[in-house]
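So you can see what is in the structure, the chains are spelled out below.
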Amino acid sequence: MSDEYILDTPTVREFIADVRAVISQAASPQAACAAIEPRFAALLADPEWLPARYQEGDPESGMGGGIGQWLLFRAQDRSLTLFALVVPPGAQTPVHDHLAWGLVGLYTGMQDEEIYARADGGLELAARRSLVPGDFYVLIPPAEDIHRVRTTSAEPSVSIHLLTNDTGCVWRHAYDPATGEARPFRSGYVNAPCADEAAAP
């Protein structure tokens, strides 16, 4: 196995090289994210680097609602991925976690995000925020790791995720926001297989 540059362009290769250099020298995830932020903001501001096919939904989505999760880069050791998440107008993700640190930002469209926190054995709505293109946030679990996003624009929303796991293939959790009950959840990718077809833990 080797690194997978599914979107194999100079922009993606240069971005990933910069990110890896930062991570290798950073003292903490917080420091790494802070150093990556300018590069990530520049990627979100570039209207040309992401082809249209990676901005389409997926009727067979593992997330449901026609949501498409498109892998763009995956490290050989599965320690880093770059992917686009496409949420059709009016659709929303399940309440879910990520189990990895990194950055998430909105490339096109508009979203509302609901952030949940664990409380008294369940979940409580901790915050809401509206996102427009160019907005991004740092994700360092367990803080703000559980959320749900909904597209509020007339066109699909496309968010770019740079996370330190193989997000589409690891078993994560989806939650019932009313009860806090968790179930195993693997979102998958539209355009790349997972290494195994293991059953949910």
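Thresholds, definitions, all that
- Residues numbered from 1 in each chain as written.
- Predicted model: local features only at pLDDT ≥ 70, side-chain atom pairs only at ≥ 80, totals over all residues.
- Heavy atoms only, no water.
- Buried < 20%, exposed > 50% of the residue type's maximum accessible area, 1.4 Å probe, protein only.
- Helix = DSSP H or I, 4+ residues; strand = E, 2+ residues; numbered from the N terminus.
- Pairing = 2+ DSSP bridges.
- 1 Å grid on protein atoms, 1.4 Å probe; cavity = no way out; pocket = protein on both sides within 12 Å on 5 of 7 lines; lining within 4 Å.
- Points joined across faces, edges and corners; volume = space filled by probe spheres on them.
- Nonpolar A, V, L, I, M, F, W, Y, C, P; charged D, E, K, R; others polar.

1. Quick notes on the pairing of strand β3 (residues 81–87)
Summarising burial for β3: seven of the seven residues are buried, a large majority. Neither face of β3 is exposed, since T81, F83, L85 and V87 on one face and L82, A84 and V86 on the opposite face are all buried. With six bridges connecting them, strand β2 (residues 68–74) and β3 associate as antiparallel partners. Bridge pairing in β3 places L71 opposite F83. Summarising the sheet, β3 and strand β10 (residues 157–163) pair through seven bridges and their orientation is antiparallel. Looking across to β10, one finds that L85 is bridged to S159.

2. Here's the deal with empty space enclosed by the protein
Here the structure, examined in full by the defined rule, presents one cavity of 30 Å³ or more. Roughly 130 Å³ of internal volume is contained in the largest cavity. Lining of the largest cavity is provided by 20 residues; of these, L85, V104, H147, S159 and H161 occupy positions nearest its centre. If you list the elements that add at least two residues to the lining of the largest cavity, you get β3, β5 (102–108), β9 (146–151) and β10. Across the lining of the largest cavity, the residue classes tally to nine nonpolar, nine polar and two charged.

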